Amino acid sequence: QWINDGLMAVFFLLVGLEIKREALVGELASWRQATLPVAAATGGMIVPALFYALASGGGLAARGWAIPMATDIAFALGALTLIAPRAPSGLKIFLAALAIVDDMGAVLVIALVYTRDIAWGSLGMAGLLLLLLLALNVLRVRRLVPYLVLGCGLWYFVHASGLHATIAGVLLAFAIPTRTRINAAEYSVHARRLLDHFDQTETGDLAVLTSKGQQEAIAGLERASEEATAPLLRLEHTLHAFTAFVVMPLFALSNAGVTLSGSPGGRVTLAVVLGLVLGKPLGIIGAARAAVWLRFAALPAGVSWTALYGCAWLGGIGFTMSLFLATLAFAGTPLLDSAKMGILGGSFLASIVGMAVLRRGTRTSQG
């Protein structure tokens, strides 16, 4: 529970930071840029949910309809990099933006669907802390410590309110400032002046320890770098390694296990597999085709439809997010193991087919 409610809030903080950055300056910053991945992600959420709903048979099993909606961004991009390291940058950007929009959908589902009874007093305290966080942003506070301290309080009250605690991570991310004290040109001038001073104060032994001037130049560079880097980027950079090497392995170890002594699958397993292996690629590519046909969007430069088909299959790698949604849907029931088997099997099949199609598609586009 500490991993799923606590450490996963850190993961969702990173997700929120990535969403905010993409919405401000990335592939989601303009409607023209965002149309193709948003359309593809929307189809990739709706169609798998329909596949699952049709195959699950209703009852308690129907509660897992959101499981095949999600894309594991780390595994999907890892598979793309492994099989097509020289793939066009537009293809990687498309897959990353698609997965980020998927994450946004997962966050909404967690907030709106997998929520217990609301404790309004705790929710009110969470709202008050969120207002304080936004006030820090408005007041141009750039130190991360006040945000993180208030963020811990926000996590506590969101958890106590009945909303899933991971929502606090996303809310905190949206309050982290993106402003810098100096711009790129100012940083370049200041850094060059400090580097000149660094060279001029060399004492001859090439040991910084003996040169007070060089020590001052290095300290000045550190301050200038901090002033030129947005707090959002600093926090995102800090969280990447912790999330990749601590949070995700612990989450996988604690949630991916399946008890094999019982029934090997069932309708839930089949529904999840169909959602990931058929619903996900059909939804992604169908919506992308429609967006291009209606001239709302265009294929990224140098990207063929075959390569996009491969990315659509990689979108069926649900792993981390799907396991998390399965735990929310079926915790304490025998259906959780069935869902996990479907996630592991479906993600494996989707990755194999996706990499095979991508290998062909990227060779064709490069040729």
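Right above here is the structure, for reference.
> I'd like a rundown of the overall build of the protein, residues and numbers included.
When helices and strands are tallied, the protein shows 14 helices and 0 strands. Its helices and strands taken in sequence order, the protein reads α-α-α-α-α-α-α-α-α-α-α-α-α-α from the N to the C terminus. A globule of 367 residues ought to have a C-alpha radius of gyration of about 21 Å, and the protein, at 23 Å, matches this closely. Based on the C-alpha atoms only, the size of the protein along its principal axes is roughly 75 × 60 × 40 Å. Counting only residues that meet the buried cut, the protein has 48% of its 367 residues in that class. A sequence separation of at least 24 residues applies to 82% of the contacts in the protein between residues at least 6 apart. Looking at the protein as shown, the accessible area adds up to about 17400 Å², and 68% of this sits on carbon and sulfur atoms. The positive charge centre, built from 25 side chains, and the negative charge centre, built from 19, are 10 Å apart in the protein.

> Could you give me a rundown of helix α7 (residues 167–175), with the residues and numbers involved?
Within α7, 7 of the 9 residues are buried, which leaves it mostly tucked inside the rest of the structure. Buried residues along α7 sit in contact with α1 (2–25), α4 (89–112), α5 (120–138) and α6 (144–161).

> A description of unusual backbone geometry should follow, citing residues and the corresponding values.
Phi angles above zero are rare outside glycine, and Leu206 is one such case at about 60 degrees. Turning to its location among the elements, Leu206 is positioned in the loop between α8 (184–200) and α9 (212–228).

> So what's going on with the pattern of salt bridges? Which residues, and what values?
One pass over the structure, following the stated rule, counts 7 salt bridges. Across the pair Glu236 and Arg21 runs a salt bridge whose closest N-O atoms are separated by 2.6 Å. Of this pair, Glu236 sits in helix α10 (residues 231–255) while Arg21 sits in helix α1, and the two are 215 residues apart along the sequence. Each of Arg142, Arg181, Glu226 and Arg234 takes part in one network of salt bridges that share partners.

> I'd love a proper account of the packing of aromatic side chains, names of residues and values included.
What describes a pair of aromatic rings is the distance from one ring centre to the other and the angle between the planes of the rings. By the definition in use, this model includes 7 aromatic pairs. Look at Phe11 and Phe12: their rings are 5.5 Å apart centre to centre, the planes differ by 90 degrees, and that puts the pair in the edge-to-face class. An identical accessibility class is assigned to Phe11 and Phe12; each is buried. Through a chain of ring-to-ring contacts, three or more aromatic side chains come together here, namely Phe11, Phe12, Phe251 and Phe324. For the cation-ring pair, Arg289 lies above Trp305, with the distance from its terminal atom to the ring centre recorded as 4.0 Å.

> How would you sum up the nonpolar core? Please name residues and give values.
Membership of the largest hydrophobic core comes to 98 residues, with the highest contact counts inside it found for Phe12, Leu91 and Leu314. Broken down by element, this core gets its largest block of residues, 12 residues, from α4. Among all residues touching Phe12, those that are not within four sequence positions of it are Val107, Ile110, Thr166, Gly169, Val170, Met321 and Phe324.

> For the side chain of Arg142, give the residues involved together with the corresponding values.
Tracing the chain through its elements places Arg142 in the loop between α5 and α6. In this structure the side chain of Arg142 is engaged in a polar contact, spanning 3.4 Å, whose partner is the backbone oxygen of Arg179. Reaching out from Arg142, the side chain makes a polar contact with the backbone oxygen of Thr229 at a distance of 2.8 Å.

> Quick one: what's the story with the packing of α4 against helix α12 (residues 305–314), residue by residue and with numbers?
Between two packed helices, the angle of one axis relative to the other and the distance separating the axes together describe the packing. Relative to each other, α4 and α12 sit at 30 degrees, their axes nearing to 11 Å. As far as their axial angle goes, α12 and α4 are roughly parallel. The chirality of how α4 crosses α12 is right-handed. Across the interface between the two elements, Leu91, Phe94 and Leu95 of α4 pack against Ala307, Leu308, Cys311 and Leu314 of α12.

Scoring rules and cut-offs
Here, residues in each chain are numbered from 1, in the same order as that chain's written sequence. Reporting in this predicted model follows two pLDDT cut-offs: at least 70 for local features of residues, and 80 or more for side-chain atom pairs to be given and counted; totals over whole chains, interfaces and linings ignore these cut-offs and use all residues. With hydrogens and water excluded, all non-hydrogen atoms of the structure serve as input to the side-chain values. Each helix is a run of DSSP H or I of at least 4 residues and each strand a run of E of at least 2, with the numbering of both proceeding from the N terminus. Within these notes, the globule rule equals 2.2 Å times the number of residues to the 0.38 power, and the radius of gyration is based on C-alpha atoms. Think of it in three bands: residues with accessible area under 20% of the maximum for their type are buried, residues over 50% are exposed, and the middle band is partly exposed, with areas taken using a 1.4 Å probe on protein chains only. Residue contacts follow a heavy-atom distance rule, with two residues in contact if any of their heavy atoms lie within 4.5 Å. In these tables, accessible area is a Shrake-Rupley quantity obtained with a 1.4 Å probe, and a residue counts as shielded only by the protein chains included in the view. For the charge count, each Lys or Arg is scored as positive and each Asp or Glu as negative, with His and the chain ends excluded. To locate a charge, take NZ of a lysine, CZ of an arginine, CG of an aspartate or CD of a glutamate. Throughout this description, the term salt bridge denotes a Lys or Arg side-chain nitrogen within 4 Å of a carboxyl oxygen of Asp or Glu. Whether two aromatic rings pair depends on their centres lying within 6.5 Å, for rings of Phe, Tyr and Trp, where Trp uses its six-membered ring; planes under 30 degrees apart make the pair stacked, over 60 edge-to-face, and the rest tilted. Cation placement over rings: the criterion is NZ of Lys or CZ of Arg within 6 Å of the ring centroid and within 35° of the ring normal. Buried Ala, Val, Leu, Ile, Met, Phe, Trp, Tyr and Cys residues form a nonpolar core when they are joined through side-chain atoms within 4.5 Å. Definition of a polar contact: a pair of N or O atoms within 3.5 Å, with one able to donate and the other able to accept a hydrogen when the atoms are protein atoms, and with sequence-neighbouring residues admitted only if both atoms are side-chain atoms. The axes used here are C-alpha line fits, helices contributing only the stretch in contact, and every angle between their N-to-C directions lies in the interval 0 to 180 degrees. Any angle that is under 35 degrees is reported as roughly parallel, and any over 145 degrees as roughly antiparallel; angles of 65 to 115 degrees are reported as roughly perpendicular and all others as oblique. By convention the crossing between two helices is left-handed if the near helix lies anticlockwise of the far one by an angle smaller than a right angle, and right-handed if it lies clockwise.

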